[in-house]
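The chain contents come next:
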Amino acid sequence: MPMNLQWFLQQLFNGLSTGSIYALIALGYTMVYGTIRLINFAHGDILMMGAFFGFYLVNVQGMDFYLSLALTMVFTSVLGVTIERVAYKPLRKSTRVAALITAIGVSFLLENAMIYFFGPEVKAYPTSFKTTTFKIMGAVINSKQVLIFVTTILLMVALQFIVKYTKMGKAMRAVAVDEEAAQLMGINVDAVISFTFALGSALAGVAGVLYGLYSNQMAATMGLTPGLKAFVAAVVGGIGSIPGAMVGGYLIGLLETFVSAFGGSAFKDAAVYALLIVILLVLPAGLFGKNVKEKV
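Residues numbered from 1 in each chain as written. Predicted model: local features only at pLDDT ≥ 70, side-chain atom pairs only at ≥ 80, totals over all residues. Heavy atoms only, no water.

1. Some points on the UniProt feature "transmembrane region" (unreviewed entry) in the chain
What counts is decided by this rule: UniProt positions are given in the numbering used here, feature names are shortened, and annotations may be inferred rather than shown by experiment. A helix here means a DSSP run of H or I that spans at least four residues, while a strand means a run of E at least two residues long, and both kinds are numbered starting from the N terminus.
What UniProt calls "transmembrane region" (unreviewed entry) maps, in this numbering, to residues 12-32, 39-59, 65-83, 95-118, 146-163, 191-211, 231-258 and 270-289. Helix makes up 100% of residues 191-211 and strand 0%, whereas the separation of the span's terminal C-alpha atoms amounts to 30 Å. As annotated, residues 270-289 has a helix share of 65% and a strand share of 0%, and its two end C-alpha atoms lie 23 Å apart.

Have a look at this one:
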């Protein structure tokens, strides 16, 4: 195996593409947890729904790829808010275990509904997106990878701006610190939580289309593995931290890629979970997380 600069750059480009998708999904996990302390295990299946919806718009309706990407964000936003209102809102005052079990139930519901309507088999994911390749110092990068990386960076910057500098973003941070105090200050907590789900689900929808585009396949269970790894990325980065989710996503993507490049493709998943264990042993709150005492 020739390990030179060209080889390193090639693996770096591949790792950044995979990591971008994990980072987009991880942002949804970390935003929801940071706001209402809920681990939304149905988040990976929102990615799957986004992939199927984007596929339908492009290949059945003949829509432009970029327009379909925008409409997929709208669709998954509405889906995320609907799930929150129907499944999670009634359990907001219940135990966390009840909410967690409900999230797992919603995940299975979405998966099995799609299996019922479209079947369990893996399908090709053709799109109208034209792929071209570029060479950088001998390493090959294609336009799909460029699109994934650029889209992810733009969305992350936009998200950071919303959270830091907008009125709703300030309300989100207030609810994350103390929901009851935020309500006493006149903040509409329900609207903030719905907005958080809408934002996170929109990112998952984009991630679903990009994941289908990059892997050239889709299935009703396609959200399971990337969703779980994105959750690991959020925990590694410090769940509740937006920069942590970004760093965690890229870290997981790069780790997977380099482990596979060294001939350990059968162990790449094990490497991800081993990293999770090591990080939690050394930094229980993750790389960017803060140790917060739980209220009892």
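2. Side note on a nonpolar patch on the surface
Selection rule: Excluding any residue in a salt bridge, patches collect residues exceeding 30% relative accessible area, merging like charges within 9 Å and nonpolar Val, Leu, Ile, Met, Phe, Trp and Tyr side chains within 5 Å. Each accessible area value is a Shrake-Rupley result obtained with a 1.4 Å probe; residue values ignore everything except the protein chains displayed when judging cover. Think of a salt bridge as a Lys or Arg side-chain nitrogen and an Asp or Glu carboxyl oxygen that are within 4 Å of each other. Here the term buried applies to any residue with accessible area under 20% of the maximum for its type, exposed to any over 50%, and partly exposed to those in between, with areas from a 1.4 Å probe on protein chains only.
Where nonpolar side chains cluster on the molecular surface, the patch consists of V247, L251, I277, V278, L281, V282, L283, L287 and F288 and spans about 790 Å² of accessible area. Elements represented by at least two residues in the nonpolar patch include exactly α10 (242-261) and α11 (268-282). Take the nonpolar patch: its biggest share by element is 4 residues, from α11. By relative accessible area, which is 46% here, V278 ends up partly exposed.

3. Some remarks on the pairing of strand β3 (residues 139-142)
Applicable threshold: DSSP calls a pair of strands paired once it identifies at least 2 bridges connecting them.
Relative to β3, strand β2 (residues 133-136) is paired through 4 bridges, and the arrangement is antiparallel. When the sheet's bridge partners are listed, K135 is paired in β3 with V140. Here β2 folds back onto β3, and the loop between the two strands holds 2 residues, one of which, M137, carries a positive phi near 55°.

4. Quick notes on the packing of helix α5 (residues 143-165) against helix α6 (residues 167-177)
Here is the rule: Note on definitions: angles span 0 to 180 degrees between N-to-C directions of axes, and those axes are lines fitted to C-alpha atoms, for helices only across the stretch in contact. Any angle that falls under 35 degrees is termed roughly parallel, while one over 145 is termed roughly antiparallel, one within 65 to 115 roughly perpendicular, and all others oblique. Any two residues having at least one pair of non-hydrogen atoms within 4.5 Å are treated as being in contact. Residues were grouped as follows: Ala, Val, Leu, Ile, Met, Phe, Trp, Tyr, Cys and Pro as nonpolar; Asp, Glu, Lys and Arg as charged; and all remaining residues, including Gly, as polar.
At a minimum axis distance of 5 Å, the contact between α5 and α6 shows a crossing angle of 75°. In terms of their interaxial angle, α5 and α6 are classed as roughly perpendicular. Every residue of α6 that contacts α5 at I162, V163, K164 and Y165 is listed here: K167, G169, K170, M172 and R173. Per-class residue counts for the contact of α5 with α6 are 4 nonpolar, 1 polar and 4 charged.

5. A closer look at the packing of helix α9 (residues 224-237) against α10
Spelled out, the test is: Handedness of a helix crossing follows the sense of rotation of the near helix relative to the far helix, less than a right angle counterclockwise being left-handed and clockwise being right-handed.
For the pair α9 and α10, the least separation of the axes is 7 Å and the interaxial angle reads 120°. Put simply, α9 runs oblique to α10. Crossing geometry of α9 relative to α10 is assigned as right-handed. Of the residues in α10, those in contact with K229, V232, A233, V236 and G237 of α9 are G244, G248, G249, L251, I252 and E256.

6. So, helix α8 (residues 189-215)
As a reminder, the rule being used: To estimate the expected span of a helix, count its residues, drop one, and scale the result by 1.5 Å.
Relative to the 39 Å expected for 27 residues at 1.5 Å per residue, α8 spans 38 Å between its end C-alpha atoms, a close match to the ideal helical length. Taken across its 27 residues, α8 has 21 buried, putting it largely inside the fold. Looking one or two places after α8, you find N216, whose phi comes out positive at around 60°.

7. Focus on the packing of aromatic side chains
In plain terms, the rule: Pairs were defined over the aromatic rings of Phe, Tyr and Trp, the Trp ring being its six-membered one, requiring ring centres within 6.5 Å. Orientation was assigned from the angle between planes: stacked under 30 degrees, edge-to-face over 60, tilted for the rest.
By the definition in use, this model includes 13 aromatic pairs. With centroids separated by 5.1 Å and ring planes inclined at 85°, the aromatic side chains of Y116 and F117 adopt a geometry described as edge-to-face. For the pair Y116 and F117, a shared accessibility class is recorded, and that class is exposed. Aromatic rings pair up to connect W7, F8, F258 and F262 into one cluster.

8. Here we look at α9
Taking 1.5 Å as the rise per residue, α9 with 14 residues should run 20 Å; its terminal C-alpha atoms sit 20 Å apart, in good agreement. Most of α9 is tucked away, with 11 of its 14 residues classed as buried. Taken as a whole, α9 has its buried residues at P226, G227, K229, A230, F231, V232, A233, A234, V235, V236 and G237. Taken together, the buried residues of α9 touch α1 (5-36), α2 (43-60), α8, α10 and α11. Positive backbone phi, at 110°, marks G238, one or two positions downstream of α9.

9. Quick notes on the side chain of Q145
Examined against the element boundaries, Q145 turns out to sit in helix α5. Setting aside residues up to four positions removed in sequence, Q145 forms contacts with F13, N14, S17, V140 and Y214.

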